[in-house]
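# Geometric and topological summary
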Amino acid sequence: MAEGIRDKVVILGMGCTKFGERWDAGSDDLLIEALTEALQDAGIEKKDIQAAWLGIHIDEINIGKGATYASGALHTPFIPFTRVDNFCASGTEAFRGATYAVASGACEIALAIGVEKLKDTGYGGLPDSPAFGQEAVLIGPNATAPGMFAQLATAYAAKYKIPMDKLKEAITHVSWKSHQNGAKNPRAHLRRAVTKEQIMGAPMVAYPLGLFDCCGVSDGSAAAIVCTPEVFKKLKPNEPMVKVKALQISVSSGEEAMFTRWDGAGIITTQTASRKAYEEAGIKDPRKEISMMEVHDCFSITELVTMEDLGISPPGGAPEDILSGFFDLDGQIPCQPDGGLKCFGHPIGASGIRMIYEMYNQLLGRWPEDRAVKNPKFGLTHNLGGVPTQNVCSVAIFGVD
Amino acid sequence: MVGIGSFGGYVPRYRLNRMIIFGSMGWLNPVIITNARGEKAVANFDEDSVTMAVAAGMDCLRGVDRQSIDAVYFATTTAPYRERQNANIVAGALGTRDEIRSADFAGSLKSGTSALLSALEFVGYNGGKAVVCAADCRLGKMASTQEMVFGDAGAAIMVSDQDVIAEYKGSFSVSHDFVDHLRGANTKYDRMWEERWIRDVGYQQFIPQAVQGLCAKYGLSPSDFDRIIYPCYYGGARKNINKVLQVEQEKVQDDMLATVGDSGSAHPLLMLAAALENARPGEKILLVSYGSGCDALWFEVTDNIKKMQDGRGVSRWLARRADLDNYQKYLVWRGMAPAETGIRGETDKETRWSLVWREHKAILGLWGSKCRKCGTQQYPPQRLCINPDCQALDEMDPVYLADKGGTVFTYTGDMLAASVNPPAIYGNVNFNGGGRTLMDFTDCTVEDLSVGMPVEFSFRIKFYDPKRDITNYFWKAVPAVGEVK
Amino acid sequence: MAQHVHQPIGEEIRSIAGYYMVLEEGVLKYKDREVLYLLEAAAADTSCCGGAGMGFIMVPGYLKELRGKRNEDGLWVSEVERVEDEGERREITGELRARHPGFHQIIFA
C-alpha cells in the first residue's frame, strides 16, 4: 500500500487574481498578478522556485500549447515548466505536479499556477472544440456542459422518485447560498445576492436547469507555492502550517458512457477519489470531520450530487441536507464559502487552485468575520472536469497545524 | 416467382398547412391559392432524401435478415452527393453486406420505378433479394406552385424470389425528353413550363400511352385491374385520365396530395405501399410513374400479403404528425433563407475520411460489438470489453443495433447548443440487449420524454459542412411510434 | 393562494451565466377569470458553454388581488392562485402562444 503524500508538502504562499471579465488583461497579465501575490505571501523570490506546473484547459485562446508562453511571460529562470490539461481539474493537476515533486524530494520549492483567458473568444461560453476526439464529432450530440450535467437531474429524480419541483427547490437553495457567499467576497466575479423567487423565476437553459443553475466563464489566475515542512519552518518559523493531507484523482473508465451499471445520479470518479482521499488523510467520518468545502459547482445539480458522492450526505439525502442549511456559511459544513464557481467564477485552469486558495486562507483565519468559517480543521476541495459520463475528478484535503 | 417481398413507407413528422404558405406568400403570387388545400409533409431540419429513403427501408426490412439482401438501389432527384454513391450510404444504414450490387437512380421522377424494374430484373436473373429505396425532398421557390404541391416522403420496396406478396407480371415503358420540370446541375429550385401544357400534353397523354401499351402487350384492358396507381397532382387531369382509361374512380389509388404532397421519385412507390397495406389476395395492381416518360408495371397480389399487413407502410407515419406552424422555420430548415446561428455556428468541422472509413460500420449502421466471453453488447465497437469484470481483448462479434431500439436513460433540452430547432434534445440511451450511448433525440419535444420510455433509432443528418458541401449522417433516438403524445 | 412579487420592469436580474428581465405584464381573460402573465427576456451571455437568449412567458396564476401590498424591499405583491390543472395549462399556453408568437417557453409558477 502506497503511503501517499500526507503531511509531506505544505503551502508556502498563494495568490489569486480577481476573477471576471478582465477585458484589460491578457493571460500574461493574469499570470504575473497571481504569481506576484504568491511570492509576496511566501516571502521568497522567483529564483527560489525550482520547478513549475501550468494548469490550463483551452489552449486555443492566447496561450498556445506547452508551457513556453507562461515561462516567457513570467521570465522563470530556465527551470522545468510543464503544462498540464485535464479539463476542469487542470488547476488541481498542476498542483499535483508541484506537490509530487516536493513530496518525492526532487525539489524543495515548487510552483503550481493556473490560468484561463476566455473572454477573447468573441462570444459567451467555451470555444467549440473536438474535446472528446474526432469520432465524437461524427456521432456525439452537439452538446453543451449545461445539457450534459442537466441529465444528472433527470436521472436523480427518476432514481430517488423525487418530483422535479422538489429537486428544483433544493438546487435553488444551492444557487441562493452561493450568491449570498459571493456577495461578500471582493474578488468574486459576481457580487450580488439574489432572492429564491428571482432564481425560480428564471427560464430553463437546459431542462431542468435554469439560468441561475449554471456557472459562467471568467478570466483569472491562481498560484500556489509549495515546499517541504523543513523549508517552511526555516522560512516562516512559528507560523501555522497548511499541510496537504490528501490529493487524489480519478478518471472515468468508459463504463459510465457505455456500460449499463452506472445509475447516472452521481459521479463515480468523485466517489472513488474521495474514498481514497479520506484514507490518505486518515479521515473516518467525513460528515463529522470535514470543516468546510469548495466543490465543483459548475451547475447547482452537480453540487447536490457531489454532497452524496463525497459521502457527506447519504444517498438520496442531499436535498434534505441542502434545504436544512447544512451547507450554508453558518451551517455544519459550509460549502463554497467564497461563492464557488457560481459566483467567484470559473477560469478553468485556475479554478482548482482558487479553491485551495480559499481553504488555505480560511485555515489561516485570514478572512473577515462575515465570511470566515469557525475553527476549521480540515478543508476539502473538489474539481470535476469533462461531463458526467466521461470525466476527471480531483479531491484534495488540507489541514492546519 | 419474382415479385414484391415487402414494402415500407416514410412520411416526415412535420406537416405544413398550405394556407400557412398562402398566408405568408399569397401577397406576392396570389394564384397559389388554387393549390392551397390540405397540408404537405416537410422533412425535419435533419432529414433529406437519403435519410427518408433509409427510414422507408427500415420500415420495409422489418423482420428481414439484412445479410440476405443482394442489391440496394436508391432513387431520387435530390441526392446530396453527385460523386460518392448515395445508395452505399443507404445500404450502410440498412446494415446489408459489403458484397452487394448498389446503384443510384436519378434524373427523373420515374427513377423510382426504373430502380424497381432494375431490381425485378436483377432478382429475375440472379435470384435473391433486392431493395429499392426512393425519397425526394424537392424545393420550389417561395410563392411558387411547386412549393405548394411538393411534399417530402420516402418509400421502399423489397423484391424477392421467395414468398412474394405480389407477383411481377410485366411492364411497359415510354421515354420522352419532355421538359415540363427542370433543374440544371447547379440549380436548387424546380422550374416548370406552362401548367396547361404539362397537364394536357404530359400527364394526360403519356400515362394513357403507357397503360395502353402495357395492356396491348399482355392482351389486357385497363378495367381488368383492381387497383390503378399513378401520380398526377392535377385533379382535372386525373378525372380525364380515368375517363380515357375507362376505370372507376374507386379503383384509382388516392394520390395523397392533401396529406403528403407530390414526393417526386418516391411518390409512385409511396402510393404502392399505401395500396399494399390494404390489398387483397388476387388483386391485379397497375403501377404507373410519370416524369420524362412513364413506366407501367403489373403486379398480382398473393396470399402472402396478409403476413406483411402488420403496420408497415404509410398509415402509421401519416398518423404520427405535428404541425409546422411557422413558414419561416420551413425556410430555414430547407436552407432557403440565411439565418444567424452565432459564432458557434461558424465552427469549421472538417470530415476526416480515413477516420470515417475505419469507423464506417459504427457510423452508418450503428454497428456495435458483442463480447464472446461475457455477452456484453456495447457501442461504439470496442476491442477491450467494457464490462469491468471481463475486459477481454479482441473477443468481439459485430452487432447491428439500428433496429434494436432502446430506452431513455437520461435526457435534456438544451437552449445553449447551436441548433436550427432549439432546444437541442439529447441524452443517454440504453440499447435493448445492452450497451449505452449518448445521442441526439429528434422528432419530439422535451415534454414528450421521460426516463425509461422506449425509443427507436432514425438515420439523420448529423451536420452539414457548407465549406466543403459535405453532409454527415448518424443515428438519432426518436420516441417509439405510438409513444409520442 | 400564493403571492407574486412584481419585479421592476426592464431591470436586469443577473446571475453569473446571464440575466433576465420582465418586459411587460399582461392579463389574459380565460373562462371568466383573469390570468396574470409576464413577458420576459433572458440572455445567457456569459454561461459556461454558450451564448443564447430567449423570450419566455411566466404565468404566476389567476389574479385574486392585484398589487394589494408591498414587501420589505418595497416591491408590489399580488395575490394569485396557481394554475395547477393540466388541461387549463394547455389551453392558456395555446392562447398565450397565439397572442405572443416567438416566445420560447411558457412557465407556470
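Residues numbered from 1 in each chain as written. Chains lettered and ligands numbered in written order. Predicted model: local features only at pLDDT ≥ 70, side-chain atom pairs only at ≥ 80, totals over all residues.

## Details of the overall build of chain C
A tally of helices and strands in chain C yields 1 helix and 7 strands. Sequence-ordered secondary structure for chain C, helices as α and strands as β, is β-β-β-β-β-β-α-β. Computed over C-alpha atoms, the radius of gyration of chain C comes to 15 Å, within 12% of the 13 Å expected from 2.2 N^0.38 for 109 residues, which places it in the range of a compact globule. On the principal axes, the C-alpha backbone points of chain C span a range of 45 × 35 × 20 Å. Per-residue burial for chain C yields a buried fraction of 31% across its 109 residues. Sequence-distant contacts in chain C: of pairs separated by 6 or more residues, those separated by 24 or more amount to 49%. (Helix = DSSP H or I, 4+ residues; strand = E, 2+ residues; numbered from the N terminus. Rg over C-alpha atoms; globule rule 2.2 N^0.38 Å. Buried ≥ 20, exposed ≤ 12 C-beta atoms within 10 Å, placed from the backbone. Contact = placed C-beta atoms within 7 Å.)

## Regarding the pairing of strand S5 (residues 101–105) of chain B
Residue and element names in this part refer to chain B. Note: strand S4 (residues 71–75) against S5, 5 bridges, orientation parallel. What sits directly across from Ala 75, in S5, is Phe 105. For the crossover that starts at S4, traverses helix H3 (residues 86–94) and ends in the parallel S5, the hand is right-handed. (Pairing = 2+ DSSP bridges. Right-handed = clockwise from strand over helix to strand, strands pointing away.)

## Structural notes on the interface of chain C and chain A
With 22 residues of chain C at the interface, the matching set in chain A holds 29 residues. Of the residues in the side of chain C that touches chain A, the class split is 13 nonpolar, 7 polar and 2 charged. (Nonpolar A, V, L, I, M, F, W, Y, C, P; charged D, E, K, R; others polar.)

## Some words on the sheet that holds S5(B)
All names here are of chain B. Ordered by their spatial adjacency, 9 strands build an open sheet running S5-S4-S6-S7-S1-S8-S13-S12-S11, and the pairing between neighbours is mixed. The open sheet terminates on both sides in strands that have one partner only, identified here as S5 and strand S11 (227–229). With strand direction ignored, the average angle separating the axes of adjacent strands in the sheet is 20°. In terms of strand pairing, S11 meets strand S12 (residues 284–288) through 3 bridges, oriented parallel. When the bridges of S12 are listed, Ile 229 appears paired with Leu 287. Along the sheet face, helix H6 (residues 195–218) touches strand S8 (166–175), S12 and strand S13 (293–301) and points at about 125° away from the line of S8. (Axes fitted to C-alpha atoms, helices over the stretch in contact; angles between N-to-C directions.)

## Comments concerning helix H1 (residues 27–42) of chain A
Residue and element names in this part refer to chain A. The first and last C-alpha atoms of H1 sit 22 Å apart over 16 residues, in line with the 22 Å expected at 1.5 Å per residue. Buried residues of H1: Ser 27, Leu 30, Leu 31, Glu 33, Ala 34, Leu 35, Ala 38, Leu 39, Asp 41 and Ala 42, and no others. Looking at the buried residues of H1, the elements they touch are strand S1 (10–16), helix H2 (68–74), strand S4 (109–116) and strand S7 (220–227). Within two residues after H1, Gly 43 carries a phi angle of roughly 75°, on the positive side. (Expected span 1.5 Å × (residues − 1).)

## Structural notes on the interface of chain B and chain A
Counting from both sides, the interface comprises 43 residues of chain B and, opposite them, 34 residues of chain A. Among the elements of the structure, helix H12 (353–358), strand S18 (406–414), strand S19 (424–431), strand S20 (436–440) and strand S22 (470–479) of chain B are those that each provide at least two residues to the side of chain B that touches chain A. Top element by residues in the side of chain B that touches chain A is S18(B). It accounts for 6 residues. In terms of residue class, the side of chain B that touches chain A is made up of 20 nonpolar, 15 polar and 8 charged.

## Things to note about the nonpolar core
Counting residues in hydrophobic clusters, the biggest one holds 316 residues, and the most contacted among them are Ile113(A), Ala224(A), Val226(A), Val90(B) and Val132(B). Excluding anything up to four places from it in sequence, Ile113(A) contacts Leu31(A), Ala34(A), Leu35(A), Ala52(A), Leu54(A), Ala70(A), Ala94(A), Ser221(A) and Ala223(A). (Core = buried A, V, L, I, M, F, W, Y, C linked by C-beta atoms within 7 Å.)

## Topic: the confidence of the model for chain C
Residues and elements named next belong to chain C. In this model, chain C carries a mean pLDDT of 91, and residues with pLDDT of at least 70 account for 95%. Across chain C, the secondary-structure element scoring lowest on mean pLDDT is strand S2 (residues 13–15), at 87, and the one scoring highest is strand S6 (residues 76–81), at 95. Scored as a whole, the predicted complex attains pTM 0.93, and scored at its interfaces, ipTM 0.92. (pLDDT = per-residue confidence, 0-100.)

## Here we look at the packing of H6(B) against helix H7 (residues 235–245) of chain B
Residue and element names in this part refer to chain B. Taken N-terminus to C-terminus, the directions of H6 and H7 make an angle of 30°; their axes are 10 Å apart at the nearest point. In the packing of H6 onto H7, the handedness of the crossing is right-handed. Residue-level contacts link Arg 199, Tyr 203, Gln 204, Ile 207, Pro 208 and Val 211 of H6 to Ala 237, Asn 240, Ile 241, Val 244 and Leu 245 of H7. Its residues assigned to classes, the contact of H6 with H7 comprises 8 nonpolar, 2 polar and 1 charged. (Left-handed = near helix turned anticlockwise from the far one by under 90°.)

## What to know about the domain arrangement of chain A
Residues and elements named next belong to chain A. Each domain of chain A was delimited in the assignment, giving domain 1 (10–121 + 219–235) and domain 2 (142–215 + 242–400). Secondary-structure elements contributing two or more residues to the side of domain 1 that touches domain 2 are S1, helix H3 (90–104), S4 and S7. For the side of domain 1 that touches domain 2, the element with the highest residue contribution is H3, accounting for 6 residues. For the side of domain 1 that touches domain 2, the per-class residue count stands at 17 nonpolar, 11 polar and 4 charged. (Domains from an automatic or database assignment.)

## Quick notes on H7(B)
Residues and elements named next belong to chain B. Within H7 the residues assigned to the buried category are Arg 238, Ile 241 and Leu 245. All buried residues of H7 fall inside an arc of 65° around its axis, so they share one side. Across from the buried face of H7, at angles greater than 90 degrees, the exposed residues are Gly 236, Lys 239 and Lys 243. Here the buried face of H7 lies against H6. (Arc of directions from axis to C-beta.)

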